[in-house]
Amino acid sequence: MHTLAAVALAGTAILSTASLAQEQVNLTWQMWGDEKDTPLFQSIADLVTAEYPNIKVTPQFSGWTDYWTRLPVLASSGQIADLVAMQSMRMPSFYSVLEPLDPFIAADKFDKSVFESSIISGLSHEGVQYALPYDVGPWLVFYNRDKFAEAGLAEPKPDWSFADFQAAAEKLTSGDNYGYAVQAFDFIAEPVALGAEYFNDANQFDLTNPGYAAAVGKLVDLVAVAKASPVFASGAGAATASGRFASGNAAMYIDGPWSLISTQGAVNFKMGVAPLPRGEGPSRFITAGSGWGISAASQHKDEAYKALKVLTGPKAAEILASAGRALPGRLAEQKFWYDVAAKDVSGTRETLQYSFEHSTPFRLNESWNEFENLITQYIPLALNGDNTTDAVLADIQSQLP
Amino acid sequence: MEDSAVATGAPAVLPRRRSGRHDGRTAFLFLLPSLLGVLLFLVLPIIASLALSFTNWKLLGKPAFVGVQNYVRLFTADPQFWTVLRNTLFFTVEYLVLNIVISVGLATWIASLKRGQRWFRVVFFLPTFTPGIAVAIVWMLIFAPGGFFDFIMKSLSLGVPNLLTDQTLAMQAVIIVSLWANVGYNTVLFNAALDMVPPSYLEAAKIDGASAWDRFWKIRLPLISPTLFFGTVMTAITSLQVFDQIYVMTRGGPGNATATLGYAIYQRGFQNFQMGYASSIAWVMFALIMALTALQFWLQRKWVHYDN
């Protein structure tokens, strides 16, 4: 009788241990995107369950702009998801909502070198890794090859200079058709490519330094003096430049690899990509990208780390790259993106290779988004001639810490 | 029951008082859910925002008490505040005057129609059904550089610069869109008030030789003045809080030409993560709304005519 009871007790204990080991964990995954992205991201989430049957990941989507309003609100009200999407440029503002990954990476002996180094750096803050990347990319010039051919212009070389770019933009401008469509972010990416800095050595904003002012002035002149680009309105965002390019109204505009698949699908002409034009010195480019981190408030951090490794793993990267959704942060899987998203776009592989070889750290601080918003709001005054470049930059500088 | 109460000499009012207390308790129970909602979602956030305005809360992290530092910064150190305040008052005054004049004009015109009154009421009221953000997006695309508005101006050979990139015209674009979206509400309101004016007054005035203008200015307008006052106060309050159109169409630009208090609250709170500072702007906006509303109530004694 005693033996029977002991066996029963042992059996119960084994069963309860087994059930504890297989305790179902439901993780939420906060991400920007729209409804049409759901099947793609759900297929990646399913990879987690396939590898860890007790972990289920549920994606939650918000629109791009809403995402950055919702994230701090959800974080401060304790409703943030277990897995959180993060863009490298916003890391200095949001790293505090994420769990440092270094202890997990060290315990797991996880090899970060499988990722492109600039985005691994972009998703860290003060040397601490807060997210693992899913995509990466430098800003590029998207150009209309048909327009270049019609104008008798040679297609851009990887090390083309701003003078080459300006000459092409002016030659491609005719009547209501523009050689180039400028947008707000160009005033950040292109001055860096021209060798300028918007920070001082202490990582504080220094927009009135002669180098940055001169570089911004070159772009402003292209719009205000040469009329090679239309003015953008502060509320129009980036949509107008891509729209003008897709409709054939502008022969060049600046965007990233993350837009290549959608832009390619929207145009009915041959398209090419080139690096941003350099200044007098050597080429240098900033790269950005996004990844996923673990919320500092998550109750299931170990499971979230397991999920994170799958979501940023080789299979997930292959799926995203094959869908053209992202140039993977994982180097080995980038070939899938080149074969799909970039296959009909001239110069993609050489341009990206050249850009990564000449990448420079993307300098950010916690007020960087404020800077980007002020550029969008104030630069149109210089573009339409209402104010000088120096006065506009001084005005923006006065509002930054 | 009543006979027995009289017979025992009990005061006749007592049962009624008990019944009143019972009714009051029942009414309170029915009102309790709404009361809780008001306390939780209105009173508490208002108190919280006042408390936050004395902190440096950055949305992420814990707030620290900074006293009146936010208010001092707002009035003495913020390079944008006075421009933002001026833009808000400019928008309010121009939009309010145009809204009232246009809606009174439209309401009077609709009231004079012999046929199609209902149809026109619906037509003008329709935009108020449309979400403000959707309206602003469509108009932003119309006014964008190279958009439909520029095409029309160019086709007519009118040298009008692009509205959204011009410092002086950007606010006018916001006002045009706001009028398009909202003038229908006051139109329907004033039209209903005009329909209530007794026709006998107008007939008598007509017989006495009053012109159409006299009948409008001296009879119709005074008789609808309480409705006009209501419409004016409500329109002023909503225009002081303008946000949607500016958020979508201009983001406060170009420069700070269209930055208003409502947009500044969003910008400081949700873009720059200065929630404590944004709360102080919200309380300045509240004080401004209260002051202007009080002024309107004071001024109404001079022009609003009530039946009693």
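A short tour of the structure in this document, coming up. Keep in mind the model is a prediction, meaning the values are calculated, not measured.

About the criteria used
- Residues numbered from 1 in each chain as written.
- Chains lettered and ligands numbered in written order.
- Predicted model: local features only at pLDDT ≥ 70, side-chain atom pairs only at ≥ 80, totals over all residues.
- Heavy atoms only, no water.
- Helix = DSSP H or I, 4+ residues; strand = E, 2+ residues; numbered from the N terminus.
- Rg over C-alpha atoms; globule rule 2.2 N^0.38 Å.
- Buried < 20%, exposed > 50% of the residue type's maximum accessible area, 1.4 Å probe, protein only.
- Contact = heavy atoms within 4.5 Å.
- Areas by Shrake-Rupley, 256 points an atom, 1.4 Å probe, with all protein chains shown as cover.
- Lys, Arg positive; Asp, Glu negative; His and termini not counted.
- Charge placed at Lys NZ, Arg CZ, Asp CG, Glu CD.
- Pairing = 2+ DSSP bridges.
- 1 Å grid on protein atoms, 1.4 Å probe; cavity = no way out; pocket = protein on both sides within 12 Å on 5 of 7 lines; lining within 4 Å.
- Points joined across faces, edges and corners; volume = space filled by probe spheres on them.
- Nonpolar A, V, L, I, M, F, W, Y, C, P; charged D, E, K, R; others polar.
- Axes fitted to C-alpha atoms, helices over the stretch in contact; angles between N-to-C directions.
- Left-handed = near helix turned anticlockwise from the far one by under 90°.
- Expected span 1.5 Å × (residues − 1).
- Polar contact = N/O pair within 3.5 Å; in protein donor to acceptor, adjacent residues only side chain to side chain.
- Salt bridge = Lys/Arg side-chain N within 4 Å of Asp/Glu carboxyl O.

## Things to note about the overall build of chain A
Assigned secondary structure in chain A consists of 18 helices and eleven strands. A compact globule built from 401 residues would reach a C-alpha radius of gyration of about 21 Å, and chain A, at 24 Å, matches this within 12%. Oriented by its inertia axes, the alpha-carbon framework of chain A measures out at about 100 × 45 × 35 Å. Scored against the burial criterion, the 401 residues of chain A give a buried share of 55%. Of all intrachain contacts in chain A linking residues separated by at least 6 positions in sequence, the fraction that spans at least 24 positions is 76%. Carbon together with sulfur atoms contributes 53% to the accessible area of chain A, which is approximately 16,200 Å² in total. The centroid of the 26 positive side-chain charges in chain A is displaced by 5 Å from the centroid of its 44 negative side-chain charges.

## Quick word on the pairing of strand 3 (residues 83-87) of chain A
Residues and elements named next belong to chain A. The element strand 3 is largely enclosed, with a buried count of five among its five residues. Burial along strand 3 is two-sided: Leu83, Ala85 and Gln87 facing one way and Val84 and Met86 facing the other are all buried. Looking at chain direction, strand 1 (residues 25-32) and strand 3 are connected through two bridges and run parallel. The residue of strand 3 that forms the bridge with Trp29 is Leu83.

## Considerations on the layout of surface pockets
Here the second largest pocket defines a volume of roughly 880 Å³. Taken together, 41 residues line the second largest pocket, and the ones lying closest to its centre are Ser367 and Glu370 of chain A together with Arg73, Asn272 and Gln274 of chain B. Elements supplying a minimum of two residues to the lining of the second largest pocket: helix 4 (91-94) and helix 17 (368-383) of chain A together with helix 3 (69-77), helix 13 (261-271) and helix 14 (275-303) of chain B. The residue inventory of the lining of the second largest pocket, partitioned by class, reads 16 nonpolar, 19 polar and six charged.

## As for the packing of helix 4 (residues 81-112) of chain B against helix 14 of chain B
Residues and elements named next belong to chain B. Taken N-terminus to C-terminus, the directions of helix 4 and helix 14 make an angle of 35°; their axes are 13 Å apart at the nearest point. Between helix 4 and helix 14 lies a crossing whose hand is right-handed. Taken together, the residues of helix 14 that come into contact with helix 4 (itself represented by Phe81, Leu85, Leu89 and Leu96) are Val284, Leu288, Leu292 and Gln296.

## Thoughts on helix 10 (residues 210-224) of chain A
Residues and elements named next belong to chain A. Helix length check: helix 10 (15 residues) gives 20 Å between terminal C-alpha atoms against 21 Å at 1.5 Å per residue, within 8%. On its buried side, helix 10 packs onto helix 8 (162-171), helix 9 (186-193), helix 17 and helix 18 (389-398). Of the residues flanking the start of helix 10, the one acting as N-cap is Asn209, its side-chain oxygen 3.1 Å from the backbone nitrogen of Gly211.

## Thoughts on empty space enclosed by the protein
Throughout the structure, instances matching the rule amount to two cavities of 30 Å³ or more. Around the largest cavity, the lining residues are Ala181, Val182, Pro230, Val231, Phe232, Ala233, Thr240, Ala241 and Arg244 of chain A together with Pro145 of chain B. Of the residues assigned to the lining of the largest cavity, the class counts are eight nonpolar, one polar and one charged. Within this model, the second largest cavity holds a volume of roughly 50 Å³. Lining the second largest cavity are Phe115, Pro133, Tyr134, Leu311, Thr312, Gly313, Ala316, Ala317, Leu320, Pro328, Gly329 and Arg330 of chain A.

## A word on the pattern of salt bridges
This model, assessed by the stated rule, comprises eleven salt bridges over all chains. The partner of Asp339 of chain A in a salt bridge is Arg349 of chain A, and the shortest N-O contact between them spans 3.9 Å. Here Arg349 of chain A lies in helix 16 (residues 348-357) and Asp339 of chain A lies in helix 15 (residues 334-340), a separation of ten residues in the sequence. Given the relative accessible area of 42%, Arg349 of chain A is considered partly exposed. With a shortest N-O distance of 4.0 Å, Asp214 of chain B and Lys218 of chain B are connected by a salt bridge. Here Asp214 of chain B and its partner Lys218 of chain B are both found in helix 10 (residues 212-223), four residues apart, which amounts to about one turn of the helix. The exposure class assigned to Asp214 of chain B is partly exposed, which follows from its relative accessible area of 26%. Its relative accessible area of 58% is what places Lys218 of chain B among the exposed residues. Each of Glu197, Arg284 and Arg363 of chain A takes part in salt bridges that share partners, so that together they form one network.

## A closer look at the environment of Trp139 of chain B
Residues and elements named next belong to chain B. Relative to the assigned elements, Trp139 resides in helix 6 (residues 132-143). By relative accessible area, which is 17% here, Trp139 ends up buried. The spacing of Trp139 and Phe229 is 90 residues in sequence and 30 Å in space, taken between C-alpha atoms. In this view, Trp139 contacts Val177 and Trp180; residues no more than four positions away in its chain are not counted.

## Points about the interface of chain B and chain A
Across the boundary between the two partners, chain B contributes 31 residues, which contact 30 residues of chain A. Along the contact surface separating chain B from chain A lie one salt bridge. Residues Asp176 of chain A and Lys154 of chain B are paired through a salt bridge, measuring 2.9 Å at the closest nitrogen-oxygen approach. Joining chain B to chain A, the criterion identifies seven residue pairs in polar contact (both at pLDDT 80 or more). Those elements that place two or more of their residues in the side of chain B that touches chain A are helix 12 (244-249) and helix 13 of chain B. Take the side of chain B that touches chain A: its biggest share by element is four residues, from helix 13 of chain B.

## Re the sheet that holds strand 9 (residues 271-275) of chain A
Residues and elements named next belong to chain A. The strand order across the open sheet formed by four strands is 8-7-9-11, and the pairing between neighbours is mixed. Only two strands of the sheet have a single neighbouring strand rather than two, namely strand 8 (252-255) and strand 11 (345-346). Examined bridge by bridge, strand 7 (residues 140-144) and strand 9 share five bridges and lie antiparallel to one another. Looking at the pairing, Tyr143 lines up with Gly272 of strand 9.

## Examining the sheet that holds strand 6 (residues 132-138) of chain A
Residues and elements named next belong to chain A. Taken in spatial order, the five strands of this open sheet run 2-1-3-10-6, and their pairing is mixed. Lying at the two open borders of the sheet, with one neighbouring strand each, are strand 2 (55-62) and strand 6. For this sheet, the mean angle separating the axes of adjacent strands, direction not counted, is 20°. Note that strand 3 and strand 10 (residues 287-294) share five bridges and pair antiparallel. The residue of strand 10 that forms the bridge with Met86 is Gly291. In the packing of helix 16 onto the sheet, contacts are made with strand 6 and strand 10, and the angle to strand 6 comes to roughly 105°.

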